[in-house]
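Observations on the model geometry
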Amino acid sequence: MGEKANKSKKDMTVFRPPEDFAENAIVNDPDIYRKAEDDPEGFWEENANSIHWYRKWDSVLEWEPPHSKWFIGGKLNACYNCLDANIEKRANKTALIWEAESGEIRKYTYRELLEEVCRLSNVLKEAGVKKGDIVTIYLPMIPEVIISMLACARIGAPHSVVFAAFSGDSLATRIGNANSKVLITCDGYSRRGKVVEQKNKVDEGIRSCGLVEKVIVVKHGGNEISMMKERDVWWHEIMKDSDISCEPEVMDSEDMLFLMYTSGTTGKPKGIVHTTGGYMVATHTTTKLVFDLKEEDIYWCTADCGWITGHSYLVYGPLSNGTTLVAYEGAPDYPDKDRYWDIIERHKVTILYTAPTAIRTFMKWGVSWPQMHDISTLRLIGSVGEPINPGAWLWYHENIGMGKCPIVDTWWQTETGMIMISPLPGVTTTKPGSATMPLPGIKAAVLDEKGNEVAPGQDGYLAILKPWPSMVRTVFGNEERFIETYWSKWDNKTYFAGDGAKRDEDGYFWIIGRVDDVIKVSGHRIGSAEFESIMVSHPSVAEAGVVGKEDELRGEVIYCYVTLKSGAQESEELKKELRGYAEKNIGPFARPKQIIFSDDLPKTRSGKIMRRVLKAIANEKDPGDVTTLQDPSVVDMLKQKTKELESS
Ligand code: WTA
C-alpha cells in the first residue's frame, strides 16, 4: 500500500493555481490555514461579521459533545441575509437567471425576488403558518422552489424540500415525520419534452397521511389535475393580491432553518436539522472562499434544490453573497447534448459547479459538444457528490476548464451543511482525484477502527475532529439515532462521516466512498435498508438484499438480490415489474440495474442478511470469511448468477 502511494506520488501530475488567478483571488495567502488553526473560533467569528445580525452573539461556541451551539444569543434572519441585505447595493442586479427545458427564460433582480418572496411569506402567514411550523416543498427546479424556501426562512418556518422525482409515498413519509400541514407543489413539469405528473403523485401519496391542510399548487406543467376544494389553491391566484412587503422574523441563531431528509443505514430516512446562525456563516463564507466569488461572476450550480447542494450552494451561500445565479430545470441532453455548453455561452457563466456523474457522461458524449460553444467565460469549475476519478478530473480540466480554470473538488455531506475538504483555488496545488485538504477552521483525519490515525497510504475512516458552524444539530425527532450514527464509532467528540478515505504523504485526502450501507447512484444517496423495505412490500418478494456495484459512469448502480415468496414465479416480466416498483415507490433514479432471483441470500446464523458479502459478490471481489454464514454454499451460487449476468 505505502509503496504504491509513493510511486503514484512520484508520477503524479499536480496543478498549481495559475498565477493570474492567484493574484486576483480572494484568498491567496496560505497563512489563512495557520491563523484558523491557531484560533478556529476567532476565524469563524471574523467571518460572522460579514453577514447581517439584528443582535450579535454573546459567545461563539458552546461545545458539549456531541452537541454544539454557535453564535449563542445572536439574532438574524436567513432570508434577510439573502435578499434585503443586498437591496442597498444591488437592488437592480440580477439575482436569478432561470432557464426551463423548453427554452423559456425568467430573470429576477434582487428587488423582484424580494417582492415575490414577501408575497409568498404573507400567503403562508395567511394560511396559518407560524414560526416553527415545518412547510414541505415538493417542486422541481423552478424559481418557485427558491422563492418558497426563502419565504419560509423569512417567517421562521423551517422548510423541508423533498426532491420532485421522489414518489408520493416518499413524500408522505417525510410529511408525516415533519408533521407538516402545508405543502407547496406544482401540477407537473417537463422532462425531455414529456410532461411528468406531480400533483397526481401528491394526491395519491398524502391521501393516507391526512395531515396536510393546505396545498399550494404552481401552474407549471399545464397538465390536467384535480383540485380538492378548500385544501388546494393555485399559487398564481393567491399570490396576485398579496402584499409585496413582509417584515422578516427575528430568529435566534440556534432556531431551525430547515430539515433535509437523507438516506441512512436503516429503513427510514433521517431528518437532518440545520439551524440558522452557524449555517449562514458557514455557507456564506465557504461560497465566497471556495468559489472565489466576485461581484461580476455568473455562477451556475447544476444541483437541484431537492438536495443539500441546492440549499447551501444554490440558495443560501450564493444569494447571501449577492451573486447572479443561473438555474436550469431540465435534462443535459435536451434538445441536444450541448445544452450545458449552450447555457454557459448564452449566459456567460464564469463558475460552474456540477457532479462527477455529469462530467463522466459528457466525457462519454465526446468533446465535440463543448467545442461547439464559446465557454471561455469560465474561470473556475467545481465538482461535488462523489469521488471524481483522475481521468474525469483531467478531462474536465482540459476540455471544460481549457487548462486554465482551477478545479475545486469539494467533499461534504448533507450533515456537514458546508464544504469541508476542498482546495482554495488561489492557494492550493491540486492533484486530480483528491479533494485535497480541509478548509481553514476544519480539522479532519483518517482513523482506524480504534480511533488512531492511520499511516499515509493506508485506508481508514474519514473523521472530523472539531465542531464546525453548520454541523447537523440532531436527527429530527430521533436524538438516539443522531448519536448512534455519527458519534458512537470512537468517542462522542469525533464525527464519523461514513466514508472511507486515505491520506498521501503530503497529507492530501483521497475519499474512497461510503463504508456504510448507503449507495450513491449518480451522486444521489440511497439507503440499502430503505430500498429493501420497499422491495419486500411487493407481494411476490420474500426477502431482498440491495447493494451498490461500482460503475464507470454513475459511480454505483443498484444490484437487488431477491428471494420470492412461494408461488411466485421467476420471470423476465417479474424482473421488469420489480424494477418499475422500485422506480414508482422511490423515484426514477432508484431503478435497479439488475434484479437477481435467488433461493437464498447470505445470512448470519441469526438470519441477518450480510450485505458486505452481497456487495463483494456484486463487485466480483473476494467476500472474505464466509464460514459464519448460515449456508456458505449460497455464496458460490450467487457468484455464478452474477457472473452469468455480466456475460449476458
Ligand atoms: C460523497 C452531497 C468524494 C461522500 C454534498 C459523502 C464525495 C456523500 C464528494 C454525501 C467528493 C460528496 N468526493 N465523495 N467531492 N462529495 N461525496 O449528503 O460519500 O448527498 O459522504 O451530500 O457524498 O452525500 P450528500
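Please read these numbers as outputs of a predicted model, since none were measured by experiment. (Residues numbered from 1 in each chain as written. Predicted model: local features only at pLDDT ≥ 70, side-chain atom pairs only at ≥ 80, totals over all residues. Heavy atoms only, no water.)

**Observations regarding the site of the ligand**
Residues in close proximity to the ligand total 17 residues, the closest being D409, T414, D499, R514 and R525. Interatomic distance of 2.5 Å between a side-chain N/O atom of T414 and an oxygen atom of the ligand. Note that an oxygen atom of the ligand is positioned 2.8 Å from one of the side-chain N or O atoms of K520. Computed on the free molecule, the ligand has an accessible area of 530 Å², of which 97% lies beneath the protein chains in the complex. (Near = heavy atom within 4 Å. Polar contact = N/O pair within 3.5 Å; in protein donor to acceptor, adjacent residues only side chain to side chain. Areas by Shrake-Rupley, 256 points an atom, 1.4 Å probe, with all protein chains shown as cover.)

**Some details on unusual backbone geometry**
The omega torsion of the bond from P65 to P66 falls at 0°, within 30 degrees of zero and hence cis. Take P66: it is sitting in the loop between strand 1 (59-64) and strand 2 (67-72). Looking along the chain, the bond that leaves Y334 and enters P335 is cis, with omega of -5°. Relative to the assigned elements, P335 resides in the loop between strand 17 (324-329) and helix 14 (339-347). The phi dihedral of R192 is positive, around 50°, even though this residue is not glycine. (Helix = DSSP H or I, 4+ residues; strand = E, 2+ residues; numbered from the N terminus.)

**Concerning the domain arrangement of the protein chain**
Under the domain assignment, the protein chain is made up of domain 1 (4-111 + 247-498) and domain 2 (517-647). Taken over C-alpha atoms, the centre of domain 1 sits 33 Å from the centre of domain 2. In this complex, domain 1 contributes 17 residues to the contact, which on the side of domain 2 involves 17 residues. In total, domain 1 and domain 2 occlude about 1,300 Å² of area from one another, counting both sides; carbon and sulfur atoms represent 50% of this. If you look at where domain 1 meets domain 2, you find one salt bridge. Ionic pairing is found between E415 and R525, a salt bridge with its closest N-O pair at 2.9 Å. The tally of links from domain 1 across to domain 2 stands at eight residue pairs in polar contact (both at pLDDT 80 or more). Per-class residue counts for the side of domain 1 that touches domain 2 are two nonpolar, 10 polar and five charged. (Domains from an automatic or database assignment. Contact = heavy atoms within 4.5 Å. Buried area = accessible area lost by both parts, 1.4 Å probe. Salt bridge = Lys/Arg side-chain N within 4 Å of Asp/Glu carboxyl O. Nonpolar A, V, L, I, M, F, W, Y, C, P; charged D, E, K, R; others polar.)

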